Amino acid sequence: MTTTFFGAIADDFTGATDLAAMLARAGVPVTLRIGVPDKAEASTAFEVIALKIRTIPSDEAVAEARAALRWLTQKGARRIFWKYCSTFDSTARGNIGPVADALMSDLRTDQTVHCPAFPENGRRVFMGNLFVGEQLLHESPMKDHPLTPMRDANLMRLLTPQVQRQVGHVAFPTVRAGVAPVRDALSRVQGHIIVDSIEDADLHVVAEACQDMPLLCGGSAIAQPLPALWRETGVMSAPVDDPLPTPGPGRIVLSGSCSAMTRAQVGAYLKTAVGYRLDPLELAQGGLKEVRAWLAAQDPNADKIVFATAEPKSVLAAQEALGVARAGALVEDALAQLARDAVAQGIGQIVVAGGETSGAVTRALDVDRLRIGPEIAPGVPWCFAGNDVAVALKSGNFGTETFFADAFEMLSAGGAVAAQ
Ligand code: ADP
């Protein structure tokens, strides 16, 4: 049995796949778990546990993260990573801060760094302020997120009310000065330390300076340099290479994300695919009968999409009529049921858009473990759930406009699709 070296706890499913993809890109075999596994499960060197704790009450989020930490440390993990979104998705109460505090206490450490920067996806931290592309976080489309609207870009201000320990900062000029100055700065502060990063080279400096910390917190990009650094120090063995499974050719996109990029992706895909638009108000009244019948009538191999994706104005209208939670749950439950129907129809390739939506779909499919495959866009890999079904779980703003078509094209081109 392999002893686990690295264990990550992710606050949602797409965040977990994003991190797993980054690690897989670094050439290590990665197992992604959905929920905390049984004690008896054998573990691998790199483990990523996907939870769904981004917006649940903080005490519940902390309890789940602690259970995940217990499993990882029992399996031998010596480096723990608390993975949250590169847009710092959280509410005024958390859950980024409370979980980080609890993990620090359980790991008996008084210091961790927070590094959400993901330059490849345009997320950069400069002087403690988070940018999405050229915009400050609170001026980006994240200001209208249905569950975690972000109304401030300053990470120190966002984190301070969420934590018990003090919040510090290592600013960009120190990071550009190199590993030794960052280590020196870190030796003078305790608590939660926000570290600036603009380019991948900065992340490399931060990773090198922090590679021995028991707990790192942030987006997935900061994790990418770590396997190579640990390999250099001799703590990692050579990766094992298993052939990937070959799912069937049937395909579907299920989109419950209303993020700006998803809206563009849905629009682009509808130019060539057939589509069914889900409306939470109609779901509340008429249920799922109509959309399930629509799906049953489609050719499994044709390009098709079912989407609740809508403009902020219509999301708001649905939320005002039904409540935020009920509107979200109606959409999530519908897409989860459609995923089950699709698999029953023999569809082997499912692209899901939306972090919360992905959680609902993977739960509905009863998936508890995924093998990480090729990366479609930065941070979004195909994942194989057993031999017959491949799922791509894309959170809101990831990918380019042609993401959905690119995803299916990648599986066909890679020869990773079974003959009919
Ligand atoms: P993202 O990754 O873009 O944040 P999520 O799936 O995490 O997407 O979150 C989007 C939330 O919005 C989900 O709970 C989803 O059910 C909900 N939702 C989707 N479409 C609508 C809509 N038309 N009206 C109201 N809520 C919606």
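Residues numbered from 1 in each chain as written. Predicted model: local features only at pLDDT ≥ 70, side-chain atom pairs only at ≥ 80, totals over all residues. Heavy atoms only, no water.

Colleague: I'd like to hear about the sheet that holds strand β7 (residues 129–132), residue by residue, with values.
Modeller: Taken in spatial order, the 3 strands of this open sheet run β6-β7-β8, and their pairing is antiparallel. Strands at the two margins of the open sheet, each flanked by one partner only, are β6 (123–126) and β8 (135–136). Of the pairings in the sheet, the one linking β7 to β8 comprises 2 bridges and is antiparallel in character. Each residue of the ladder has a partner; that of Val 132, found in β8, is Gln 135. (Pairing = 2+ DSSP bridges. Helix = DSSP H or I, 4+ residues; strand = E, 2+ residues; numbered from the N terminus.)

Colleague: Break down helix α7 (residues 200–210) for me, with residues and values.
Modeller: Since the α-helix turns once every 3.6 residues, residues separated by three or four places project in the same direction. Of the positions making up α7, those classed as buried are Asp 202, Leu 203, Val 205, Val 206, Ala 207, Ala 209 and Cys 210. Looking at the buried side of α7, the elements it contacts are β5 (111–115), α5 (172–177), α6 (179–186), β10 (191–195), β11 (215–218) and α8 (226–232). (Buried < 20%, exposed > 50% of the residue type's maximum accessible area, 1.4 Å probe, protein only. Contact = heavy atoms within 4.5 Å.)

Colleague: Explain the packing of aromatic side chains to me, using residue names and the numbers behind them.
Modeller: Any aromatic ring pair is given by two values, namely how distant the centres are and how the planes are angled relative to each other. For the structure shown, the criterion picks out 14 aromatic pairs. Residues Phe 6 and Phe 81 carry aromatic rings whose centres are separated by 6.2 Å and whose planes lie at 40 degrees to one another, so their mutual orientation is tilted. Of this pair, Phe 6 sits in strand β1 (residues 6–10) while Phe 81 is found in strand β4 (residues 79–83), placing the two residues 75 residues apart along the sequence. Like Phe 81, Phe 6 is buried. Aromatic side chains Phe 403 and Phe 404 sit 6.0 Å apart centroid to centroid with 80 degrees between the ring planes, which places their arrangement in the edge-to-face category. We classify Phe 404 as buried; its relative accessible area is 1%. Taken together, the aromatic side chains of Phe 5, Phe 6, Phe 46, Phe 81 and Trp 230 make up a single cluster linked through ring pairs. (Phe/Tyr/Trp six-rings, centres within 6.5 Å; stacked < 30°, edge-to-face > 60°.)

Colleague: Just give me the short version of the domain arrangement of the chain, but keep the residues and values in it.
Modeller: Considered domain by domain, the chain is made up of domain 1 (6–233) and domain 2 (250–418). Between the C-alpha centres of domain 1 and domain 2 there is a distance of 27 Å. Taken together, the contacts link 27 residues of domain 1 with 27 residues of domain 2. Counting each side, the surface lost to burial between domain 1 and domain 2 is near 2300 Å², with a carbon and sulfur contribution of 60%. (Domains from an automatic or database assignment. Buried area = accessible area lost by both parts, 1.4 Å probe.)

Colleague: Give me the lowdown on the site of the ligand, citing residues and values where you can.
Modeller: Taken together, 21 residues surround the ligand, and among them His 145, Ser 257, Ser 259, Glu 332 and Thr 357 come closest. His 145 is positioned such that a nitrogen or oxygen atom in its side chain is 2.5 Å from an oxygen atom of the ligand. A distance of 2.7 Å is found between an oxygen atom of the ligand and a side-chain nitrogen or oxygen belonging to Thr 357. When the free accessible area of the ligand is taken as 570 Å², the share hidden by the protein chains comes to 96%. Looking at the shell around the ligand, the elements that each hand over two or more residues are α12 (312–322), α13 (324–344) and α14 (355–364). Here the residues of the shell around the ligand are counted per class, giving 9 nonpolar, 10 polar and 2 charged. (Near = heavy atom within 4 Å. Polar contact = N/O pair within 3.5 Å; in protein donor to acceptor, adjacent residues only side chain to side chain. Areas by Shrake-Rupley, 256 points an atom, 1.4 Å probe, with all protein chains shown as cover. Nonpolar A, V, L, I, M, F, W, Y, C, P; charged D, E, K, R; others polar.)

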